[in-house]
Amino acid sequence: MNKISKAVVSRLPRYYRYLDELRQQKVERISSKELSKLMNVTASQIRQDLNNFGGFGQQGYGYNVQYLYDEIGKLLGLDVPHKMVIVGAGNLGQAIANYGNFKNRGFEIIALFDKNPELIGKKTDGGEIMDIADLYDFVKENKVEIVALTLPKEPARKIAEKLVECGVTAFWNFAHTDLGFSENIIVENVHLSESLMKLTYRISENNIKE
C-alpha cells in the first residue's frame, strides 16, 4: 500500500464516528452522496479517501455501513486491544480515565500514576491511581503500549524518555510541550489551549467580517 497522506488519515476517525451513528440507527447501506451530506464534505472527497484503501463500495449500491465501519476500524487499529496508562491523575487524567467510550473502542486503561499522596489509592473507572515510583516496573511487567501524559511539561519529557526505555512505543501527550522521538516512537501531541485559540481566531475573523 502506498503511503497515505496525513490529511486522509486524520479524516478516518470522523468517518468511523459517523458510520457508528448510522449503525446505531440501523442503516444498512449509504451512498457517498448521502454520506457527504451528513459529514459536510464532497462525495468526491469521500470516494478519493476510501479508494486509498481499496474503495469498499459497489457502483449502484454504495457502502455497506457495517462492513465499512469494521474495515475502517481495522485501519485505525481498533480490532485489537491496546493497553494504556495515564501519567498524571489530576482533573484531566481522571476525566480521561472515567470516559467509558475508550473501552468500547479497544483502549484498555489499566492504571493511573501520580506523585500526590492524596490521590494514590483512589479508584477510577480506568483503574487505581498508583505511586509514580512504581510506573516503570508496572509498564514493563504489563507490556503497556500507550501512555497518556497529563502532567506539567517539566517532568513530561524526562518521564517519556524513561518510558521509551521500558518499551513504550506510543504517547498521547497533553503536556504543554511537543515530544519528539525517532520514527519508531509515535507521538500525538494534544494542546487544548491551541485548539481553543483556533476557535477564538475564528470568532475574531467573523467579527471583522461583520
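Before any of the text, the structure's been laid out above.
So, here is what we can say about the structure in this document. (Residues numbered from 1 in each chain as written. Predicted model: local features only at pLDDT ≥ 70, side-chain atom pairs only at ≥ 80, totals over all residues. Heavy atoms only, no water.)

**Digging into the packing of helix α1 (residues 6–24) against helix α2 (residues 32–39)**
The interhelical angle for the contact between α1 and α2, taken along N-to-C directions, is 105°, at an axis separation of 11 Å. The angle between α1 and α2 places the two elements in the roughly perpendicular class. Facing α1, whose interface residues are R14, Y15, Y18 and L22, α2 presents L35, L38 and M39. Class assignment for the residues of the contact of α1 with α2 results in six nonpolar, no polar and one charged. (Axes fitted to C-alpha atoms, helices over the stretch in contact; angles between N-to-C directions. Helix = DSSP H or I, 4+ residues; strand = E, 2+ residues; numbered from the N terminus. Parallel < 35°, antiparallel > 145°, perpendicular 65-115°, else oblique. Contact = heavy atoms within 4.5 Å. Nonpolar A, V, L, I, M, F, W, Y, C, P; charged D, E, K, R; others polar.)

**Let's talk about the packing of aromatic side chains**
Going through the model one piece at a time under the given rule, you end up with six aromatic pairs. For the ring pair F102 and W172, a centre distance of 5.6 Å and an interplane angle of 85° mean the geometry is edge-to-face. Here the residue F102 occupies a position in helix α6 (residues 101–104), and W172 occupies one in strand β8 (residues 170–173), the gap between them amounting to 70 residues. Residue classification places F102 among the buried positions, given a relative accessible area of 18%. Look at F113 and F138: their rings are 5.3 Å apart centre to centre, the planes differ by 65°, and that puts the pair in the edge-to-face class. With a gap of 25 residues between them, F113 in strand β4 (residues 107–114) and F138 in helix α7 (residues 135–142) connect regions that are remote in the sequence. In this structure, F113 and F138 share a single accessibility class: buried. Feature note: the residues Y99, F102, W172 and F174 constitute an aromatic cluster, connected by ring pairs. Here the basic side chain of R23 rests over the ring of Y69, its NZ or CZ set 3.9 Å away from the ring centre. (Phe/Tyr/Trp six-rings, centres within 6.5 Å; stacked < 30°, edge-to-face > 60°. Buried < 20%, exposed > 50% of the residue type's maximum accessible area, 1.4 Å probe, protein only. Lys NZ or Arg CZ within 6 Å of the ring centre and 35° of its normal.)

**Focus: the sheet that holds β4**
Overall, mixed pairing links the seven strands, which are arranged β5-β6-β4-β3-β7-β8-β9 in an open sheet. Among the strands making up the open sheet, the edge pair consists of β5 (123–124) and β9 (186–189). Strand direction decides the pairing type here: strand β3 (residues 82–87) and strand β7 (residues 146–149), joined by four bridges, are parallel. Among the inter-strand pairings, V85 is bridged to a residue of β7, identified as V147. (Pairing = 2+ DSSP bridges.)

**Remarks on the pattern of salt bridges**
In this structure the tally under the stated criterion is five salt bridges. The shortest N-O distance in the salt bridge between E71 and K74 comes to 3.3 Å. Taken together, the residues E71 and K74, both in helix α4 (residues 65–75) and three residues apart, mark about one turn of the helix. Using a relative accessible area of 17% as the deciding quantity, one classes E71 as buried. What makes K74 partly exposed here is its relative accessible area of 45%. A single salt-bridge network, built from bridges that share partners, covers D20, R23 and R105. (Salt bridge = Lys/Arg side-chain N within 4 Å of Asp/Glu carboxyl O.)

**Observations regarding the pairing of β7**
Along any regular strand, the residues point their side chains to alternate faces of the sheet. Of the two faces of β7, the one carrying I146 and A148 and the one carrying V147 and L149 are both buried. Relative to β8, β7 runs parallel, the two sharing four bridges. What sits directly across from V147, in β8, is F171. Regarding the hand of the β-α-β motif, the stretch spanning β7, helix α8 (residues 153–165) and β8 is right-handed. (Right-handed = clockwise from strand over helix to strand, strands pointing away.)

All quantities given are derived from atomic positions and should not be read as evidence of function.
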